[in-house]
Amino acid sequence: METFIQQLTGNFSLNGREGKYICEVNAPRAVLNAHNGEHIGTFTCDPVAWPEPEKEYALPLDLDRTPDVDMPVIGICESEIMAEVQKPENDGAYFVLPSQLNGAEYPAPGIIVRKIEEYLFDNTGGPRGQLAVHPAAGQFILDNAACDDRLNGINAVDTLLDRNPQFKLKNGYMEMPMPDSETESNQLLTNFLTSIHTLRPLIMSGIPASGLIPSMGSFSDATHKVNLVYASAVPLETYNNRPMSQVQKDLHNKIGLSILVAQYYGALKTAASRAEPGTTAKVFLMPLGGGVFNNSFDSIGKSISMAVEMLTDEDRAKLTVQVLVWNGKRKEKLDMCRLLTRYKKLE
């Protein structure tokens, strides 16, 4: 944590709202406050407990299994991220936001976003989710995210990459190797799936939902707080991953699926572990990588179903899980309903 957080103070500015944040690192968390003493959030990035060796889904992660155990525990919420963040009934909810593997949202591997107001020009779910809460949280992430100028910044896959040096991270975008043979590809995949448990969920908890309203015209007067999980898919056949053979394409698709499973599982496991006794934690899972990153909706539905199966019965009892699909694209809801029905997970 001390290595990740390199900038302890910073200034934020968004639509006329300005201020300063101050961060106090007290491992394993970083506490973020505004200059006036208002608590903005608590950042953590701890790996989660993986299923034990004798359990199903133990390491190395088996991507070929079909997650069709009858568990109708996932609902569908057809809405919009900013609206859901700012609903009072979602006080304390977790929102899994599409971001990069450094917690930030960069439009391309060669472009570094430095100011929260730059998110105003990106109308996708990740930036909109970050704009819906207090702007100091997003600015803190941008000030500390791993990038070309800050190689040791916030990074969900630092240990995973240390154990798999053929994989790289370029400004939050994972760059995958291009094996020449199936033998080489299988070795790369096995090594990766054996260390997938080291992925760190990047979470800012207890953030005031006082950011911009969905129209971006003004700030919300919401007083409740939410939790953001900055999660990412891997770009497939685009950006810095352009396979030239079927062997390479197959490897990339499997790595992409494993990252989705680990991100969803990490979010759910953490939410369950933090749920107060006698209560359930509400978790909204946004489809990760379903746009320009070219992750198929089939892989998203399968990864969510796998992640739910990986939880213990006790964990699942502590959660209320919904997939948040965009109400501007009806097909998202239909596809997710079809997939969750296929895997016997639709509530």
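As shown above, the structure is provided for reference.
Residues numbered from 1 in each chain as written. Predicted model: local features only at pLDDT ≥ 70, side-chain atom pairs only at ≥ 80, totals over all residues. Heavy atoms only, no water.

Chemist: Can you walk me through the packing of helix 7 (residues 297–310) against helix 9 (residues 330–342) in this structure?
Modeler: Two quantities define a packed helix pair, namely the angle between the axes and the distance from one axis to the other. Across the interface, helix 7 lies against helix 9 with an axial gap of 9 Å and an inter-helix angle of 50°. Classified by the angle their axes make, helix 7 and helix 9 are oblique. The interaxial crossing formed by helix 7 with helix 9 has right-handed handedness. Mapping the contact onto sequence places Phe297, Asp298, Ile300, Gly301 and Ser305 in helix 7 and Glu332, Asp335, Met336, Arg338, Leu339, Leu340 and Arg342 in helix 9. Residues belonging to the contact of helix 7 with helix 9 are distributed by class as follows: five nonpolar, two polar and five charged. (Axes fitted to C-alpha atoms, helices over the stretch in contact; angles between N-to-C directions. Helix = DSSP H or I, 4+ residues; strand = E, 2+ residues; numbered from the N terminus. Parallel < 35°, antiparallel > 145°, perpendicular 65-115°, else oblique. Left-handed = near helix turned anticlockwise from the far one by under 90°. Contact = heavy atoms within 4.5 Å. Nonpolar A, V, L, I, M, F, W, Y, C, P; charged D, E, K, R; others polar.)

Chemist: Explain the environment of His134 to me, please; I cannot follow it from the model alone.
Modeler: Residue position: His134 is located in the loop between helix 2 (125–131) and helix 3 (135–144). Along the sequence, His134 and Leu169 sit 35 residues apart, while their C-alpha atoms lie 28 Å from each other. Beyond its immediate chain neighbours, meaning those up to four positions away, His134 contacts Phe12, Arg17, Glu38, Ile40, Ile207, Pro208, Ser210 and Gly211. Only 3.4 Å separates the side chain of His134 from the side chain of Arg17, close enough to count as a polar contact. (Polar contact = N/O pair within 3.5 Å; in protein donor to acceptor, adjacent residues only side chain to side chain.)

Chemist: Teacher, can you tell me more about the sheet that holds strand 6 (residues 94–98) here?
Modeler: Sheet strands pair by backbone hydrogen bonding; their relative direction is either parallel or antiparallel. Sheet architecture is open: ten strands sit in the order 1-2-3-4-9-10-6-11-12-5, paired in mixed fashion. What marks the edges here is a single partner per strand, and that holds for strand 1 (9–14) and strand 5 (74–79). Geometrically, the sheet is characterised by an average inter-axis angle of 25° between neighbouring strands, direction not taken into account. Where strand 3 (residues 29–34) meets strand 4 (residues 39–44), five bridges bridge the pair, whose relative direction is antiparallel. The residue of strand 4 that forms the bridge with Ala30 is Phe43. On top of the sheet, helix 6 (residues 246–274) reaches strand 4, strand 6, strand 9 (202–208), strand 10 (225–231), strand 11 (281–285) and strand 12 (319–326); it is set at about 165° to strand 11, its chief contact. (Pairing = 2+ DSSP bridges.)

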